[in-house]
Amino acid sequence: MFTTPFLDIPPLGAAAGTVRLPGSKSISNRVLLLAALASGTTTVHDLLDSDDTRVMLDALAALGCTVERAGDILRIEGLGGRLKTPSASLFLGNAGTAMRPLTAALALLGGEFELRGVPRMHERPIGDLVDALTQLGCRVDYLGNPGYPPLQIHPVALDDLQLDGPIRVRGDVSSQFLTALLLALPLAAQRDIVIDVVGELISKPYIEITLNLLARFGITVRREGWQRFTIPAGSQYRSPGDIHVEADASSASYFIALGAIAEGTGIRIEGVGAESIQGDIRFIDAARRMGARVDSGPNWLAISRGAWPLRAIDLDANHIPDAAMTLAVMALYADGPSTLRNIASWRVKETDRIDAMANELRKLGATVEDGPDFIRVHPLPAGSWRPASIKTYDDHRVAMCFSLAAFNPDGVAVRILDPHCVAKTFPDYFETLFSVAHAPEVPVICIDGPTASGKGTLTVEVARRLGYHYLDSGTLYRVTGLAMRRAGLDAEPAHEARIADLARALPLVFNEGKVLLAGEDVSEDLRTEAAGMDASRVSALPAVRAALLALQRSFRRLPGLVADGRDMGTVIFPDAGLKVYLTASAAHRAERRYKQLISKGISTTIDSLRADLEARDLRDSSRSVAPLKPAPDARLLDNSHQTIEQSVVQVLAWWQEVQPFESS
Ligand SMILES: Nc1ncnc2c1ncn2[C@@H]1O[C@H](COP(=O)(O)OP(=O)(O)OP(=O)(O)O)[C@@H](O)[C@H]1O
Ligand SMILES: Nc1ccn([C@H]2C[C@H](O)[C@@H](COP(=O)(O)O)O2)c(=O)n1
């Protein structure tokens with residue numbers, strides 16, 4: 001997951017490959033609650049691991065529910081409808097799928113509970129659900145603004161509940177209120193319980209998920225249209241034993257859109273098919289209308305580009321409120337204005353999504369019209385795309401759908417602010433995108449310079465702050481030197497071909513900061529001064545340099561690379577967007593190395609270190625191939641009198657200068 005303040009997505013061209021998506025958030029949190037309320041043990045497969053499921057799991061644990069994890073599988077010991085803990089204070093983040101159903105279930109279970117969330121959760125309405133529960137005789141108080149969390153729930157006896165008449169709940173603000181009642185009321189079903197929906201029920205497919213999962217847990221709800229639901233007397237939750245969570249259909253929307261937009265052989269999505277129980281799977285109908293070619297099987301989808309440009313769409317998107325945000329970005333690639341209607345619920349989601357989408361689409365250059373319950377997006381023709389820093393409003397879906405703007409025809413990069421907000425439902429979203437997307441030019445920053453100038457330290461930190469990959473090319477020469485020694489060879493022309501063969505086939509793995517050679521951790525052996533000298537010697541052999549070329553270039557992967565070495569800017573990545581030549585006086589470098597070695601308990605002297613590094617510099621800069629020297633277009637940075645932080649800030653400032661975005 002990217003935890004950087006922003007993530008720059010370079011212009012993307014094509015996409016192809018297979019993705020396996022995380023489990024559905026809606027199914028995961030419903031299954032967790034049902035498994036906790038049921039009697040018996042439920043084994044849950046493929047559960048989503050994200051912020052929203054984590055808060056639900058924490059809440060269940062606080063309520064005394066036993067949850068065991070074995071790899072990807074969760075075993076939940078159901079409470080059988082009885083509380084083990086009569087009081088608790090629960091923090092539910094920004095998870096509506098936890099806050100609403102838990103409110104209803106805990107109001108009926110008869111304990112004293114406080115339910116809180118993040119500030120945005122305290123702005124998301126819950127009054128209609130609380131009103132419905134109050135009609136029943138439940139006791140729920142608002143701890144802040146009336147109609148909104150946080151809430152205090154007080155105990156009531158089941159026998160005191162008023163269950164004779166129908167319970168009325170509004171269905172036109174959020175379908176989660178009805179879902180919450182449907183999931184919780186079987187706890188009190190000594191007689192038939194009738195729920196009447198007031199107003200036109202929105203997001204009906206989510207109610208279908210609820211009914212489907214209730215049936216899996218032994219509760220068959222009778223339904224009269226979408227207005228009346230009856231929970232039969234005597235209903236009792238029974239664990240189904242094993243239950244598999246489908247991949248998230250809303251998350252699939254980004255990859256369905258990707259297949260429709262990007263050139264290439266198409267995208268295959270594993271874990272969810274057209275027969276999914278999730279309402280957002282109907283996104284495929286909208287994508288087809290816009291021109292996507294969609295094929296599907298029992299648990300997979302395959303999407304490729306069909307009509308291009310995409311066809312504009314005018315859609316009542318009430319049935320796919322979450323996935324429809326993706327259509328708003330697809331609309332930029334359409335042949336006319338696209339309108340998404342009946343989406344008033346967007347205004348009470350993680351953020352006001354109509355405002356958020358309109359604002360950010362406009363930053364890209366698009367013309368957008370919006371109203372209380374609709375958004376109209378005009379296409380952005382080639383030549384009019386603007387580089388934009390996309391604000392994400394702590395809304396995972398805003399972050400994910402705007403990544404698709406990187407496929408624009410103008411080759412304009414997109415900056416996504418606070419990319420970690422995707423943790424809500426899809427922590428590895430960007431990694432998954434990058435595994436199938438192709439960029440004509442992956443950004444590279446090169447940091448070259450003499451030994452002990454601080455290249456490695458600077459490179460690691462710059463890469464970390466940008467969320468980029470990192471190449472320590474010196475390590476490749478060091479490993480080659482070590483392999484040479486172990487093979488009983490010397491860095492001389494007579495052994496050059498054999499050492500190059502070793503370099504070409506290094507059984508090398510980088511794992512959590514460690515370097516493994518044929519499975520052996522050689523990290524310590526590589527950092528000795530002797531290993532540095534051997535590396536310097538083998539690196540002067542042209543065949544060795546040629547042998548390591550492809551390996552070094554293979555590190556250039558999305559979203560970008562920071563590479564440290566001697567010839568990164570001159571030979572390996574001559575087209576890099578920024579080249580830095582880092583130096584420090586020999587005296588400073590010897591002193592730094594001295595401190596570094598002493599801190600590791602290695603005894604040495606500053607004088608001998610200085611002699612060694614000057615000898616190494618001389619060899620590295622005087623060899624015939626790829627000698628150490630600044631690239632003509634490199635920026636020189638002498639950090640003799642700088643702290644590490646000052647060097648990092650300087651390099652990031654230079655990088656920002658060559659980016660199209662305003663500083664964020
Ligand atoms: N600006 C700086 N000020 C003070 N110390 C620094 C600075 N930059 C790096 N150092 C320290 O200098 C030491 C050497 O740094 P580093 O290993 O990053 O150098 P290097 O150029 O990568 O060396 P090599 O080429 O031999 O791998 C480290 O202990 C590091 O913390
Ligand atoms: N791009 C590179 C990187 C390293 N070398 C050689 C020369 C160095 O003395 C040696 C060890 O590098 P270090 O780990 O100290 O950065 O490897 C090179 O020729 N080209």
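Residues numbered from 1 in each chain as written. Chains lettered and ligands numbered in written order. Predicted model: local features only at pLDDT ≥ 70, side-chain atom pairs only at ≥ 80, totals over all residues. Heavy atoms only, no water.

## Comments concerning the pairing of strand β1 (residues 6-9)
Convention followed: Between buried and exposed lies partly exposed: a residue is buried under 20% and exposed over 50% of the maximum accessible area for its type, with that area taken using a 1.4 Å probe on protein chains only. For the purposes of this entry, the term helix denotes a DSSP run of H or I that reaches at least four residues, the term strand denotes a run of E that reaches at least two, and both are numbered from the N terminus. Pairing between strands requires that DSSP locate at least two bridges from one strand to the other.
Residues Phe6 and Asp8 line one face of β1 and the alternating positions Leu7 and Ile9 line the opposite face, and both faces are buried. Summarising the sheet, β1 and strand β23 (residues 414-417) pair through 4 bridges and their orientation is antiparallel. Of the residues in β23, the one forming a bridge with isoleucine 9 is valine 414.

## A few points about the UniProt feature "binding site: 3-phosphoshikimate" (unreviewed entry) in the protein chain
The condition is simple: UniProt positions are given in the numbering used here, feature names are shortened, and annotations may be inferred rather than shown by experiment. Grid spacing is 1 Å over the protein atoms alone, the probe is 1.4 Å, and a cavity is where that probe fits but cannot get out, while a pocket is an open set with protein on both sides within 12 Å along at least five of seven lines and lining residues have an atom within 4 Å of a point.
Look at the UniProt record and you will see "binding site: 3-phosphoshikimate" (unreviewed entry) annotated at Lys25, Ser26, Arg30, Ser174, Ser175, Gln176, Ser203, Asp322 and Lys349. As for the annotated residues named above, the ones lining the largest cavity are Lys25, Ser26, Arg30, Ser174, Ser175, Gln176, Ser203, Asp322 and Lys349. Within the element layout of this structure, arginine 30 appears in helix α1 (residues 25-37). According to the relative accessible area criterion, arginine 30 is buried, its value standing at 7%.

## Some points on the sheet that holds β1
Across a sheet, paired strands are connected by hydrogen bonds in the backbone, their directions being either parallel or antiparallel. For the record, the criterion: All axes here are fitted lines through C-alpha atoms, helices being fitted over the stretch that makes contact, and every angle between N-to-C directions spans 0 to 180 degrees.
If you walk across this open sheet you meet the 3 strands as β1-β23-β22, and the pairing is mixed. A single partner strand is all that each edge strand has here, and the edge strands are β1 and β22 (388-390). Sheet twist, expressed as the average angle between the axes of neighbouring strands with direction ignored, equals 25°. Pairing geometry for β22 and β23, over 3 bridges, is parallel. Bridge pairing links alanine 388 to valine 414 in β23.

## Thoughts on the site of ligand 2
Our working definition: Any residue with a non-hydrogen atom lying within 4 Å of a molecule or strand is treated as near it. We define a polar contact as two N or O atoms separated by no more than 3.5 Å, with the added condition that, inside protein, one atom must be a possible hydrogen donor and the other a possible acceptor, whereas residues neighbouring each other in sequence contribute only through side-chain atom pairs. Throughout, the Shrake-Rupley method with a 1.4 Å probe supplies accessible areas, and for residues the shown protein chains are the sole cover considered. Residue classes follow a fixed rule: Ala, Val, Leu, Ile, Met, Phe, Trp, Tyr, Cys and Pro count as nonpolar, while Asp, Glu, Lys and Arg count as charged, and any other residue, Gly among them, counts as polar. Domain segmentation is taken from an automatic or database assignment of domains.
Taken together, 15 residues are adjacent to ligand 2, and Arg478, Arg545, Arg616, Asp620 and Arg623 come closest. Between ligand 2 and aspartate 567, the relevant distance is 2.8 Å, taken from a nitrogen atom to a side-chain nitrogen or oxygen of the residue. In this structure, an oxygen atom belonging to ligand 2 sits 2.8 Å away from a side-chain N or O atom of arginine 623. For ligand 2, whose accessible area on its own is 440 Å², the fraction buried by protein is 98%. If you list the elements that add at least two residues to the shell around ligand 2, you get α14 (473-486), α17 (529-538) and α21 (606-622). With 4 residues, α14 is the largest single contributor of residues to the shell around ligand 2. Looking at the shell around ligand 2, its residues break down into 3 nonpolar, 5 polar and 7 charged. Both of domain 3 (442-468 + 561-664) and domain 4 (469-558) provide at least three residues apiece to the shell around ligand 2.

## Side note on the site of ligand 1
In the vicinity of ligand 1 lie 20 residues, with Thr451, Lys455, Gly456, Thr457 and Arg593 positioned nearest. Arginine 593 places a polar side-chain atom, nitrogen or oxygen, 2.3 Å from an oxygen atom of ligand 1. At 3.0 Å from a nitrogen atom of ligand 1 is found a main-chain nitrogen or oxygen belonging to glutamine 642. Summarising the interface, the protein chains cover 81% of the accessible area of ligand 1, which totals 640 Å² for the free molecule. Of all elements in the fold, only α13 (455-466), α20 (586-599) and α22 (644-657) reach the threshold of two or more residues within the shell around ligand 1.

## A look at the pairing of strand β6 (residues 87-91)
Where we set the bar: Crossover handedness is defined by viewing with both strands directed away from the observer: a clockwise path from the first strand over the helix to the second marks the crossover as right-handed.
A one-sided burial pattern is seen for β6, the buried positions being Ala88 and Leu90 and the unburied ones Ser87, Ser89 and Phe91. Looking at chain direction, β6 and strand β7 (residues 112-116) are connected through 5 bridges and run parallel. Each bridged residue has a counterpart across the sheet, and for leucine 90 the counterpart in β7 is leucine 115. Viewed along the sheet, the connection from β6 through helix α3 (residues 96-109) into β7 turns out right-handed.

## Considering the packing of helix α15 (residues 496-504) against helix α18 (residues 542-553)
We count it as follows: Angles below 35 degrees are treated as roughly parallel, those above 145 as roughly antiparallel, those between 65 and 115 as roughly perpendicular, and all remaining angles as oblique. Take the far helix as your reference; a near helix turned counterclockwise from it by less than a right angle gives a left-handed crossing, and one turned clockwise gives a right-handed crossing. Contacts were defined at the residue level, with two residues in contact if any of their heavy atoms lie within 4.5 Å.
Contact pair α15 / α18: the axes reach a minimum separation of 8 Å and the direction vectors enclose 15°. Of the possible angle classes, the one that applies to α15 and α18 is roughly parallel. In this structure, the crossing between α15 and α18 has a hand that is right-handed. Residues Glu496, Ile499, Ala500, Ala503 and Arg504 of α15 lie in contact with α18, whose contacting residues are Pro542, Ala543, Val544, Ala547 and Leu548. By residue class, the composition of the contact of α15 with α18 is 8 nonpolar, no polar and 2 charged.

## Section: the pattern of salt bridges
Opposite charge on two side chains allows them to pair when their charged atoms are near. Rules: The term salt bridge refers to a pairing of a side-chain nitrogen on Lys or Arg with a carboxyl oxygen on Asp or Glu at a separation within 4 Å.
Under the counting rule described, the total for this entry stands at 47 salt bridges. The closest approach of N and O atoms between arginine 593 and glutamate 529, which form a salt bridge, is 3.6 Å. Placement of the pair is arginine 593 in helix α20 and glutamate 529 in helix α17, with a sequence separation of 64 residues. Here arginine 566 and aspartate 620 are joined by a salt bridge, their closest N and O atoms 3.5 Å apart.

## Structural notes on the UniProt feature "binding site: ATP" (unreviewed entry) in the protein chain
Under the local residue numbering, the UniProt record ascribes the feature "binding site: ATP" (unreviewed entry) to Gly449, Pro450, Thr451, Ala452, Ser453, Gly454, Lys455, Gly456 and Thr457. Mapped onto the secondary structure, glycine 449 falls in the loop between β25 (444-448) and α13. Among all residues touching glycine 449, those that are not within four sequence positions of it are Lys455, Gly565, Arg566, Tyr581, Leu582 and Leu628. With respect to the helices and strands, the residue alanine 452 is situated in the loop between β25 and α13.

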